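Residues per chain, in single letters:
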Amino acid sequence: MALTKLRRGHKAAPIAEINMIPLIDVSLVLLIIFMVMTPFLVQQQIRVNLPRSVSANEASDRPIVIAIQRQGELSLNGHAIAITNLESELKPLLGPHGDRPVMIQADRDLALQRVISVMDIAKKLQVIKLGISVEQPK
């Protein structure tokens, strides 16, 4: 604790202030950590059992991800969505020319008709790059 000397013979008194700068620094660091980790946590919660492929490679662009779970539930970039709303939600994400890639992550035990329905919606919106995500060989 720091002591200060007052004028005219008064006693020294301790400074009774809390320094807020370290608290603000720690709060900002924690905020940044949570902002960076949140997309990873959301992505890990959606479980899709991907099929395997021998010739799988990673896409260079960051695609729009449409995940279809075994029960047929859809999610668009990690957010649950109904198939009836997929077209209206997907259209603004594609950009002006529809050149942003769309990646479908479908469970391997899912009926093919569900995947075809999502592909039809993407083609209706004139998606140029459409792919199906597979698990890379180990």
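Our subject is the structure listed above.
A few points on the structure. Computed from a predicted structure; not experimentally measured. (Residues numbered from 1 in each chain as written. Predicted model: local features only at pLDDT ≥ 70, side-chain atom pairs only at ≥ 80, totals over all residues. Heavy atoms only, no water.)

1. Considering the pattern of salt bridges
Here is step 1: Scanning all chains against the criterion turns up 2 salt bridges.
Here is step 2: Note that Arg70 and Asp109 form a salt bridge whose closest N and O atoms lie 2.3 Å from each other. Here Arg70 is found in the loop between strand E3 (64–68) and strand E4 (74–76), whereas its partner Asp109 is found in the loop between strand E6 (102–106) and helix H3 (112–124), with 39 residues between them in sequence.
Here is step 3: Residue classification places Arg70 among the partly exposed residues on the basis of a relative accessible area of 48%.
Here is step 4: For the salt bridge of Lys124 with Glu87, the shortest nitrogen-to-oxygen distance reads 3.3 Å. (Salt bridge = Lys/Arg side-chain N within 4 Å of Asp/Glu carboxyl O. Helix = DSSP H or I, 4+ residues; strand = E, 2+ residues; numbered from the N terminus. Buried < 20%, exposed > 50% of the residue type's maximum accessible area, 1.4 Å probe, protein only.)

2. Brief notes about the nonpolar core
Here is step 1: Counting 19 residues, the largest nonpolar core has Ile66, Ile68, Leu76, Leu90, Leu94, Val102 and Val118 as its most contacted members.
Here is step 2: Put simply, the parts of the chain that give this core at least two residues each are E3, E4, helix H2 (86–90), E6 and H3.
Here is step 3: No other element matches the 4 residues that H3 contributes to this core.
Here is step 4: Excluding anything up to four places from it in sequence, Val118 contacts Ile66, Ile68, Leu74, Ile83, Leu86 and Ile104. (Core = buried A, V, L, I, M, F, W, Y, C linked by side-chain atoms within 4.5 Å. Contact = heavy atoms within 4.5 Å.)

3. Remarks on the sheet that holds strand E7 (residues 130–132)
Here is step 1: On the basis of which strands lie adjacent, the open sheet formed by 5 strands has the order E5-E4-E3-E6-E7 and mixed pairing. With partners counted over all chains shown, the strands left at the sheet margins are strand E5 (79–81) and E7, one partner each. When the angles between neighbouring strand axes are averaged without regard to direction, this sheet yields 25 degrees.
Here is step 2: Bridge count for E4 against E5 is 3 bridges, and the pairing is antiparallel. Paired with Leu74 across the bridge in E5 is Ile81.
Here is step 3: Sheet contacts for H3: E3, E4, E6 and E7; angle to E7, the most-contacted strand, approximately 165 degrees. (Pairing = 2+ DSSP bridges. Axes fitted to C-alpha atoms, helices over the stretch in contact; angles between N-to-C directions.)

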